[in-house]
Amino acid sequence: MNEESFGRLIEFVDVSQDDDVQTKQRKVNKPPAPPVEPPKPDLPKPSVQAQSANAFDIGSIDLSADLNIDAGLTGSGGDGDFLPIVKVAPQYPRRALQKGIEGHVTVEFTVTALGTVIDPKVIDANPPNIFNRAAMSAVKKFKYKPKIVDGKAQAVTGVRNIIRFELDKSSK
């Protein structure tokens, strides 16, 4: 094989000069100075008078979660009837909410010597079987200060509670 059968090899070499690179001088913009805060007005300082600890009364609030009956109840002033401490609002059933259904459920239960609710039963419901499950779930979370007789906590049976399911009229 000779040189001519392959053809000629041609070399390309760029010999032209590079263009000058142009640079642009940028100015840095400083952020604007923060506005000067106006001077604060001279207000007279409120006078604070010392008060005794007995003058501040927040009322009697029983927040104890102690399961020992004698712990928080002996200083409560003697015998007394059971009192609600925590009443949980029921969750409105989604289907009843979508259909705009309102009603009520009457539930009967026992308040134990520890203040918890046991044996809840639906006594009356209007409309029937729509709100029963939500009412029972809420009632099981109720907490009471138990009834005190002769310094000892007693269970109370036959406690009835009406739970109403009403839609918020202001949102319509």
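Quick notes on the rules
- Residues numbered from 1 in each chain as written.
- Predicted model: local features only at pLDDT ≥ 70, side-chain atom pairs only at ≥ 80, totals over all residues.
- Heavy atoms only, no water.
- Core = buried A, V, L, I, M, F, W, Y, C linked by side-chain atoms within 4.5 Å.
- Buried < 20%, exposed > 50% of the residue type's maximum accessible area, 1.4 Å probe, protein only.
- Helix = DSSP H or I, 4+ residues; strand = E, 2+ residues; numbered from the N terminus.
- Contact = heavy atoms within 4.5 Å.
- Phe/Tyr/Trp six-rings, centres within 6.5 Å; stacked < 30°, edge-to-face > 60°.
- Pairing = 2+ DSSP bridges.
- Salt bridge = Lys/Arg side-chain N within 4 Å of Asp/Glu carboxyl O.

A. Region of the structure containing the nonpolar core. Among the nonpolar cores identified, the biggest contains 21 residues, and Val 107, Phe 109, Tyr 144 and Phe 165 are the most heavily contacted of them. Secondary structure elements with two or more residues in this core: strand E2 (103-111), strand E3 (117-126), helix H4 (132-139) and strand E7 (156-165). Among all residues touching Phe 165, those that are not within four sequence positions of it are Pro 90, Gln 91, Tyr 92, Pro 93, Glu 102, Gly 103, Val 105, Phe 131, Ala 134 and Ala 135.

B. A look at the packing of aromatic side chains. Tallying each qualifying case throughout the model produces six aromatic pairs. Pairing Tyr 92 with Phe 165 gives two aromatic rings, centres 5.8 Å apart and planes at 80°, and the pair type is edge-to-face. Of this pair, Tyr 92 sits in the loop between strand E1 (83-86) and helix H3 (94-99) while Phe 165 sits in strand E7; the two residues are 73 residues apart in sequence, bridging distant segments of the chain. Since its relative accessible area comes to 1%, Phe 165 is described here as buried. Grouped by ring-pair contacts, the aromatic residues Phe 82, Phe 109, Phe 142 and Tyr 144 constitute a single cluster.

C. Examining the pairing of E3 more closely. Sheet topology places E2 next to E3; seven bridges connect them, and they run antiparallel. Each bridged residue has a counterpart across the sheet, and for Val 107 the counterpart in E3 is Val 122.

D. Summary view of the pattern of salt bridges. Summed over the entire model, instances satisfying the criterion amount to one salt bridge. Among the salt bridges present, the one from Arg 160 reaches Glu 108, with a minimum N-O distance of 2.8 Å. Within this pair, whereas Arg 160 is found in strand E7, its partner Glu 108 is found in strand E2, the two being separated by 52 residues in sequence.

E. Representation of unusual backbone geometry. Of the consecutive residues Asn 126 and Pro 127, the connecting peptide bond is found in the cis state with omega at -5°. Among the secondary structure elements, Pro 127 is positioned in the loop between E3 and H4. Positive phi values are uncommon outside glycine, yet Asp 119 reaches one of about 50°. With respect to the helices and strands, the residue Asp 119 is situated in strand E3. Positive phi, close to 55°, is recorded for Asp 150, a residue that is not glycine.

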